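So you can see what is in the structure, the chains are spelled out below.
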Amino acid sequence: MSEKNDLARIGKKREEWEKQCLAESLRTVGVERSPYKFYTPLDLRDFDFLEKIGFPGDFPFTANSFALSLQEARATKLERTRLYSGYGTPEDTRDFYRQMMKRGLQEGVEVAFDLPTQCGYDSDDPLVRGEVGKVGVAVDTLRDMEVMFEAFEGDNSIDKIVSEFIINATAPIILAMYVALAERHHIPLAQLRVGVQNDILKEYVARGTYIYPPKPSLRLTRDIIAFCAQHLPLAQSIHIHGGHMRRAGLTDEGKVLGFTFVDAIAYVRAGLESGLAVDDFAPSFLFGHFGGGAHFFRQVALERAARRMWAKIMKERFGAKKRESMQFRSYLGAQTEYSYLTTNRPLNNLVRALVGGMASLMSGGNGVVRPPFDEALGLGHSLEAQQLKRDAERILRHETGLDEVIDPLAGSYYVEFLTDQIEEEAWRVMTKVEAMGGAVAAIESGYIAQEIAKSAYQFQKEVEAGERVIVGLNKFTGENELEVTVHRSVPHPYDPQKRASAEERQIANLAKVKRERDSQRVGAALRKVRDEARDEKTNLMPPILEAVKEYATVGEISGVLKEVFGEYEARSS
């Protein structure tokens, strides 16, 4: 309803309602202002269905990136069952994969790496003593990749599974190892379904696992994008995660979306700088989730705004012609962010995650219920938690009917208002960042980090003051409240004894590799990486690939790149 006379009648009727019906209710209840909001066509002036929503799978993709929701998972090439996992040595993670495959939980991998691997250090470096294999698997050389993937053979060989590597600063090295592994097994690269996170810019403002300054780091991202376009047609060359900024404390959906997209625009420009046309590589871009608390409608609106904005950016700014280039791809969709989980009464986290799964289904996602309820207690979730997570997804998909309708909230005055509001705020944020010179300039100036820090401070302040209620943490914590627990029917999947001995065993593994490899060939390969790094136009993936084939280490390759690029020091506030 958009005609002026209709809006005028609604406006007049609203005034009457406020003066009579609403005013009477306020007096009866004894409050001055209603705690509730009610939305009407007045909040959606000049609303045009085809311009704002359209049809699923068609521009502007607000309703869904695909005409059928089930296409979302298939189109990302990352739909098969896998756990975000990894611990200890490659042998430990290999054995874990085998154990999970027997339980039907592992058809591919989503590898968690330890901090030394993420930050470019070898396991025998004194600087990382005590960190090896702690928050993920330790990977130093191609030998470790070979061992880890011994779990996948025959019907589960690496050309038949999906492998995703959650790694950023050292992503070129890890991807090169996987390519070398495929070549050792005589597997055509065109058959590999592989993804790397490769989202380095958010590391400077959210996670901190960067090595080099932003500009040369962006070059490495560019090199992966170009290498995948040329050699790995089924690969996801980048996996852009706004959710990490949410974990760092950013709560405003418009800012989360705006900062995510200024990074994404920088990556598109990097791909163009490699000489590729936008339609040659944009379909390989994948987005993760934007995180979010239990505010159901805001998470739905955020996903809808993201799809619409990405389509506009790709079509209007970069001139994309392919539908695949304009489609916002995310195999997760809306979900409850890890940082909103609590260690207090952790089983409540299942309810929080379920709300995220509902938001996912009702905003065009696949109804993924994650994280498991005990994620707040540490990576390596219990199998009991995994069972409840899977059953929650099954209930949503098979018992509720929520997946029978695409974008069921389309046309809701409130949801459309929120979608527009979040989009408008995101455009404002992007305009401000672009006026600074883009994502890299905003990172180097400290602007984005400062915005996240201010938001995190405000959030914590509200929690401590009780203004933001978190059940079981700052409210409903009396002595009569029960601590509901789950009976542990199976052992924790990460062996505690293996975790305790992982560092020494991995150091021994690395020492053996260094003794047996050809040191002269390693030295020559590393010199080539360093020399090629000096030419900004050269793609570094080929020389890095040659270096990993000679069993050069993550630390050695990162070390020669540091000689050329330097190391980044965050701006002090």
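Look a little higher up for the structure.
Parameters at a glance
Residues numbered from 1 in each chain as written. Predicted model: local features only at pLDDT ≥ 70, side-chain atom pairs only at ≥ 80, totals over all residues. Heavy atoms only, no water. Helix = DSSP H or I, 4+ residues; strand = E, 2+ residues; numbered from the N terminus. Polar contact = N/O pair within 3.5 Å; in protein donor to acceptor, adjacent residues only side chain to side chain. Buried < 20%, exposed > 50% of the residue type's maximum accessible area, 1.4 Å probe, protein only. Axes fitted to C-alpha atoms, helices over the stretch in contact; angles between N-to-C directions. Left-handed = near helix turned anticlockwise from the far one by under 90°. Contact = heavy atoms within 4.5 Å. Nonpolar A, V, L, I, M, F, W, Y, C, P; charged D, E, K, R; others polar. Pairing = 2+ DSSP bridges. Right-handed = clockwise from strand over helix to strand, strands pointing away. Phe/Tyr/Trp six-rings, centres within 6.5 Å; stacked < 30°, edge-to-face > 60°. Lys NZ or Arg CZ within 6 Å of the ring centre and 35° of its normal. Lys, Arg positive; Asp, Glu negative; His and termini not counted. Salt bridge = Lys/Arg side-chain N within 4 Å of Asp/Glu carboxyl O.

Engineer: Could you give an account of the side chain of Ser330, with specific residues and numbers?
Structural biologist: Its place among the elements puts Ser330 in the loop between helix H13 (323-326) and helix H14 (348-361). A polar atom in the side chain of Ser330 sits 3.3 Å from the backbone oxygen of Phe287. Looking at Ser330, its side chain comes within polar contact range of the main-chain oxygen of Gly288, at 3.3 Å.

Engineer: Which residues make up the environment of Glu384, and what values go with them?
Structural biologist: Note on placement: Glu384 falls in helix H15 (residues 383-398). Exposure remark for Glu384: the relative accessible area of 9% places this residue in the buried category. Distance in space between the C-alpha atoms of Glu384 and Asp95 is 19 Å, their sequence separation being 289 residues. Engagement of the side chain of Glu384 in a polar contact is seen with the backbone nitrogen of Ser489, the distance being 2.6 Å.

Engineer: Break down the packing of helix H8 (residues 214-231) against helix H10 (residues 253-273) for me, citing the residues and quoting the values.
Structural biologist: Two elements in contact, H8 and H10, have axes separated by 9 Å at closest approach and are oriented at 65 degrees. The hand of the H8/H10 crossing is right-handed. Across the interface between the two elements, Leu218, Thr221, Arg222 and Ile225 of H8 pack against Ala266, Tyr267, Ala270 and Gly271 of H10. The residue makeup of the contact of H8 with H10, split by class, is five nonpolar, two polar and one charged.

Engineer: If you had to explain the pairing of strand E4 (residues 193-196) to someone new, which residues and values would you point to?
Structural biologist: Both faces of E4 are covered, namely the face carrying Arg193 and Gly195 and the face carrying Val194 and Val196. Bridge analysis of strand E3 (residues 162-166) against E4 gives four bridges, and the strand direction is parallel. Considered in E4, the bridge of Phe165 is made with Val196. Note that the unit made of E3, helix H7 (residues 171-184) and E4 has a crossover that is right-handed.

Engineer: Any details on the pairing of E3? Residues and values, ideally.
Structural biologist: Burial runs high along E3: five of the five residues are buried. Of the two faces of E3, both are covered, the one formed by Val162, Glu164 and Ile166 as well as the one formed by Ser163 and Phe165. Bridging between strand E2 (residues 109-112) and E3 involves four bridges; their strand directions are parallel. Paired with Val109 across the two strands is Ser163, which belongs to E3.

Engineer: Could you give an account of the sheet that holds strand E1 (residues 84-85), naming the residues involved and the relevant values?
Structural biologist: What the four strands build is an open sheet, ordered E1-E2-E3-E4; its pairing is parallel. What marks the edges here is a single partner per strand, and that holds for E1 and E4.

Engineer: With reference to specific residues and values, describe the packing of aromatic side chains.
Structural biologist: Following the criterion strictly, the structure yields 29 aromatic pairs and no others. Residues Phe59 and Phe61 carry aromatic rings whose centres are separated by 6.4 Å and whose planes lie at 85 degrees to one another, so their mutual orientation is edge-to-face. Seen from their ring centres, Phe287 and Phe328 are 4.5 Å apart, and the 20 degrees between their planes marks the pair as stacked. With a gap of 41 residues between them, Phe287 in strand E6 (residues 285-287) and Phe328 in the loop between H13 and H14 connect regions that are remote in the sequence. By the burial criterion, Phe287 is buried, and Phe328 matches it. An aromatic cluster is built from Tyr87, Phe96, Tyr97, Phe113, Phe149, Phe152, Phe165, Tyr178 and Tyr494, whose rings are joined through pairwise contacts. One residue, Lys562, lies across the ring of Tyr121, its end atom 4.9 Å from the ring centre.

Engineer: Report on the side chain of Glu375, specifying residues and quantitative values.
Structural biologist: Here Glu375 is to be found in the loop between H14 and H15. Among buried charged residues, Glu375 stands out as having no salt bridge; its nearest opposite-charge side chain is Arg247, 7.0 Å away. Not counting the four nearest positions on each side in its chain, Glu375 is found in contact with Tyr338, Leu341 and His381.

Engineer: Provide a residue-level description of unusual backbone geometry, including the pertinent values.
Structural biologist: Phe59 connects to Pro60 through a cis peptide bond whose omega is 10 degrees. The omega angle of the peptide bond from Arg370 to Pro371 is 5 degrees, so this bond is cis rather than trans. A positive phi angle is found at Asp407, which is not glycine, with a value near 50 degrees. One can find Asp407 in the loop between H15 and helix H16 (413-436). Here Tyr551, not a glycine, exhibits a phi torsion of approximately 70 degrees, which is positive.

Spatial relationships are all this shows, so hold off on functional conclusions.
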